[in-house]
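Notes for the structure review
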Amino acid sequence: MSAFGAGRQMLRTIAGHGWRSRSSKPAQSVHINKPGAGFSFELTDEQKEFQATARKFAVEEIMPVAAQYDKTGEYPLPLIKRAWELGLINSHIPESCGGLGLGSFEACLITEELAYGCTGVQTAIEANSLGQMPVIIAGNEQQQKKYLGRMTEEPMMCAYCVTEPGAGSDVAGIKTKAEKKGDEYVINGQKMWITNGGKANWYFLLARTDPDPKAPASKAFTGFIVEANSPGIQIGRKEMNMGQRCSDTRGIVFEDVRVPKENVLIAEGAGFKIAMGAFDKTRPPVAAGATGLAKRALDEATKYALERKTFGKPIVEHQAVAFMLAEMALKVELARLAYQRAAWEVDAGRRNTYYASIAKAFAGDVANQVAADAVQIFGGNGFNTEYPVEKLMRDAKIYQIYEGTAQIQRMIIAREHVGKYKA
């Protein structure tokens with residue numbers, strides 16, 4: 001057995017000790033299970049193992065090649081294969097489908113470490129979780145075994161096809177249509193900015209099934225599982241983005257694509273709730289990724305400040321720089337607490353919309369602020385591609401955009417907050 005195969009088996013063994021239930025049901029935290037255990041910041045030994053495995057992989061395998069992937073935009077397939085072998089990908093898949101069945105908290109610990117190495121690689125991996133989540137929360141047993149099960153048998157990607165050229169934050173503005181004809185649905189439309197769009201084996205796709213433009217979003221849309229090799233699917237060119245360049249982002253056209261009715265999730269008209277429900281589960285890992293990037297920026301800036309000298313002493317001894325590092329440190333620590341609370345709420349079986357949006361909004365802003373400050377501490381060197389922080393600054397921006405913009409998160413937070421007082 002290879003070292004990575006052994007590592008994957010080790011994680012399976014850890015996960016099989018009964019400390020975490022299948023993710024298809026609300027996962028029970030070890031702290032919740034212990035009567036009188038109360039509030040604790042201490043990770044379990046198992047959680048520390050997951051974290052250490054991800055950290056070792058990020059430092060030894062991802063970081064040495066991250067800059068090259070950023071320059072070429074090449075898809076990091078070798079790293080994805082190794083992550084799969086280690087059990088660091090598809091962590092949400094239930095044990096009943098051959099997965100580890102980890103809870104959100106453990107997935108976030110892994111995600112922060114992977115993002116520390118490179119958020120382009122981490123986004124490619126995390127997009128799998130987003131694509132899978134509708135099937136995890138809404139798929140029947142047959143759908144889960146067929147589409148989640150195959151992802152545990154070999155390295156394989158999937159994608160979440162919701163965004164369109166004219167419908168991003170306004171999900172209700174989706175134009176892609178699905179018309180039922182006999183035992184099939186015929187899908188026509190265009191999707192845009194789809195992560196893993198050109199690499200996925202299958203897609204979760206949201207399409208309008210009610211032609212009435214006045215139909216409420218809660219009834220107008222249906223969620224489908226679509227095989228990526230279906231006739232009529234046209235995959236667009238890889239987009240070269242500002243940051244996270246090794247992540248595969250594309251537009252996809254669906255032209256008379258036939259999907260069997262067996263691939264409808266729950267029922268016709270349930271798609272919008274499924275799509276939005278997935279975000280509650282995936283926004284904490286996105287926040288964890290932003291935190292990992294911010295922690296990397298803080299570490300790079302701190303090491304540089306200890307080495308770089310001006311006016312006869314290391315710049316870290318200048319109060320202006322020391323205070324910048326202090327601000328960066330407090331933001332990283334608070335971002336981590338935010339995503340951990342949001343993930344903990346998921347694993348406790350509670351609705352976490354409020355905390356998920358807080359974590360996503362705050363951590364996304366922190367990633368941008370800390371990365372920008374890291375560039376400032378590096379000075380002119382920070383503006384140069386020979387140093388790591390300019391990449392971090394470019395990579396950070398998308399955390400304020402994808403999976404719900406910073407502004408959308410604030411709309412959700414305001415709605416949830418005010419709603420408590422109206423109840």
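Along each chain, the written sequence defines residue order, and numbers are assigned to residues from 1. Where totals are concerned, whole chains, interfaces and linings use all residues; where local detail is concerned, this predicted model gives features only for residues with pLDDT of at least 70, and gives and counts side-chain atom pairs only at 80 or more. Working from all heavy atoms in the structure, the side-chain values ignore hydrogens and water.

**A closer look at a nonpolar patch on the surface**
- To count toward a patch, a residue needs a relative accessible area above 30% and no salt bridge. Like charges then connect within 9 Å, nonpolar side chains (Val, Leu, Ile, Met, Phe, Trp, Tyr) within 5 Å. Per-residue and other accessible areas follow the Shrake-Rupley method at a 1.4 Å probe size, with only the shown protein chains counted as cover for residues. Here, a salt bridge means any Lys or Arg side-chain nitrogen found within 4 Å of an Asp or Glu carboxyl oxygen. A cluster of nonpolar side chains, Phe 39, Phe 41, Leu 330, Leu 334, Leu 337 and Phe 362, forms an exposed patch at the surface whose accessible area comes to about 640 Å².
- Put simply, DSSP H or I for four residues or longer makes a helix, DSSP E for two residues or longer makes a strand, and each gets a number counted from the N terminus. By residue number, the principal contributor to the nonpolar patch is helix H10 (residues 319-347), which donates three residues.
- As for its position among the elements, Phe 41 is in the loop between helix H2 (30-33) and helix H3 (45-72).
- Using a relative accessible area of 60% as the deciding quantity, one classes Phe 41 as exposed. Whether a residue is buried, partly exposed or exposed follows from its accessible area with a 1.4 Å probe, protein chains only, as a fraction of its type maximum: under 20%, in between, or over 50%, in that order.

**Let's talk about the layout of surface pockets**
- A 1.4 Å probe that fits into a set of points on a 1 Å grid over the protein atoms alone but cannot get out defines a cavity; an open set with protein on both sides within 12 Å along at least five of seven lines defines a pocket, and lining residues are those with an atom within 4 Å of a point. Grid points are joined across faces, edges and corners, and a volume is the space filled by probe spheres set on the points. As a volume, the largest pocket reaches approximately 930 Å³.
- Taken together, 39 residues make up the lining of the largest pocket; nearest its centre are Thr 163, Trp 193, Ile 401, Tyr 402 and Glu 403.
- For the lining of the largest pocket, the secondary-structure elements that each account for two or more residues are helix H6 (119-138), strand S3 (184-195), helix H9 (271-307), helix H12 (389-396) and helix H13 (406-422).
- Charged residues are taken to be Asp, Glu, Lys and Arg, nonpolar residues to be Ala, Val, Leu, Ile, Met, Phe, Trp, Tyr, Cys and Pro, and polar residues to be all remaining types, Gly included. The class makeup of the residues in the lining of the largest pocket is 19 nonpolar, 13 polar and seven charged.

**Here we look at the confidence of the model for the protein**
- Confidence scores per residue from the predictor, reported as pLDDT, run from 0 to 100. The pLDDT averaged across the protein works out to 92; a share of 91% of its residues lies at or above 70.
- Across residues 16-36 the pLDDT falls below 50, and counting only partners more than four positions away or on other chains, this stretch makes 54 contacts in the model. Residue contacts are counted whenever heavy atoms from the two residues lie within 4.5 Å of one another.

**Considerations on the environment of Ala 172**
- Relative to the assigned elements, Ala 172 resides in the loop between strand S1 (157-161) and strand S2 (177-181).
- Overall, the relative accessible area of 35% leaves Ala 172 in the partly exposed class.
- Remark: the alpha-carbon pair of Ala 172 and Pro 64, spanning 108 residues in sequence, is separated by 42 Å.
- Ignoring anything within four residues of it in the chain, the contact list for Ala 172 reads Arg 208, Ala 217, Phe 221 and Phe 272.

**A few points about empty space enclosed by the protein**
- Tallied over the entire structure, the rule returns two cavities of 30 Å³ or more.
- In this model, the largest cavity occupies a volume close to 100 Å³.
- Along the wall of the largest cavity there are 13 residues; nearest its centre are Leu 88, Thr 111, Ile 125, Glu 126 and Ser 129.
- Elements represented by at least two residues in the lining of the largest cavity include exactly helix H5 (104-117) and H6.
- Here the residues of the lining of the largest cavity are counted per class, giving six nonpolar, six polar and one charged.

**Let's talk about the pattern of salt bridges**
- Counted under the stated rule, the structure contains 22 salt bridges.
- Linking Glu 416 and Arg 351 is a salt bridge whose minimum nitrogen-to-oxygen distance equals 2.8 Å. Here Glu 416, found in helix H13, pairs with Arg 351, found in the loop between H10 and helix H11 (353-378); they are 65 residues apart in sequence, far enough to count as distant.
- Exposure remark for Arg 351: the relative accessible area of 58% places this residue in the exposed category.
- Here the salt bridges share partners, and the residues they tie into one network are Asp 70, Glu 390 and Arg 394.

**Some thoughts on the packing of H6 against helix H7 (residues 141-148)**
- Axes, fitted as lines to C-alpha atoms, cover a helix only where it is in contact. Angles between the N-to-C directions of the axes lie from 0 to 180 degrees. Across the interface, H6 lies against H7 with an axial gap of 9 Å and an inter-helix angle of 150°. Classed by the angle they form, the pair H6 and H7 counts as roughly antiparallel. Between H6 and H7 lies a crossing of left-handed hand. Here Gln 132, Val 135, Ile 136 and Ala 138 of H6 lie close against H7, whose contacting residues are Gln 143, Gln 144 and Leu 148. Angle categories: roughly parallel below 35 degrees, roughly antiparallel above 145, roughly perpendicular from 65 to 115, and oblique for all the rest. Should the near helix be turned counterclockwise from the far one by less than a right angle, the crossing is left-handed, whereas a clockwise turn marks it as right-handed.

**Let's talk about the packing of aromatic side chains**
- In summary, the pairing rule links any two rings of Phe, Tyr or Trp, Trp by its six-membered ring, whose centres are within 6.5 Å, and it sorts them by plane angle into stacked for under 30 degrees, edge-to-face for over 60 and tilted for everything else. Applying the stated criterion across every chain, the model contains 11 aromatic pairs.
- For the pair Tyr 354 and Tyr 355, a centre-to-centre distance of 5.2 Å together with 75° between the ring planes defines the contact as edge-to-face.
- Relative accessible area serves as the criterion here: at 26%, Tyr 355 is assigned to the partly exposed category.
- Here the aromatic rings of Phe 378 and Tyr 387 are separated by 6.0 Å at their centres, their planes lie at 70°, and the arrangement is edge-to-face.

**Some words on the side chain of Asn 90**
- Relative to the helices and strands, Asn 90 resides in the loop between helix H4 (77-86) and H5.
- By relative accessible area, Asn 90 is classed as buried at 7%.
- What qualifies as a polar contact is a pair of N or O atoms within 3.5 Å, subject to a donor-acceptor requirement within protein and to the restriction that residues adjacent in sequence count only when both atoms come from side chains. Among the polar contacts listed, one links the side chain of Asn 90 to the side chain of Gln 132, at a separation of 2.6 Å.
- In this view, Asn 90 contacts Trp 84, Asn 128, Gln 132 and Met 151; residues no more than four positions away in its chain are not counted.

**Some details on H12**
- For H12, the tally of buried residues reaches seven of eight residues, placing the bulk of the element in the interior.
- Along H12, the residues that are buried comprise Val 389, Glu 390, Lys 391, Leu 392, Arg 394, Asp 395 and Ala 396.
- Residues of H12 that are buried in the fold lie against H3, H6, H9 and H11.

**Comments concerning H3**
- Expected span of a helix: the number of residues minus one, times 1.5 Å. End to end, H3 covers 39 Å across 28 residues, agreeing with the expected 40 Å (1.5 Å per residue, within 8%).
- To get the bend at a given residue, fit one axis to the seven residues ending there, fit another to the seven starting there, and take the angle between those axes. Remark: the principal bend of H3, roughly 50°, maps to Ile 62, with a proline, Pro 64, within the next four residues.
- Residues of H3 that are buried include every one of Gln 47, Phe 50, Gln 51, Thr 53, Ala 54, Phe 57, Ala 58, Ile 62, Ala 66, Tyr 69 and Asp 70, and no others.
- One or two steps after H3, the chain reaches Gly 73, where phi turns positive at roughly 75°.

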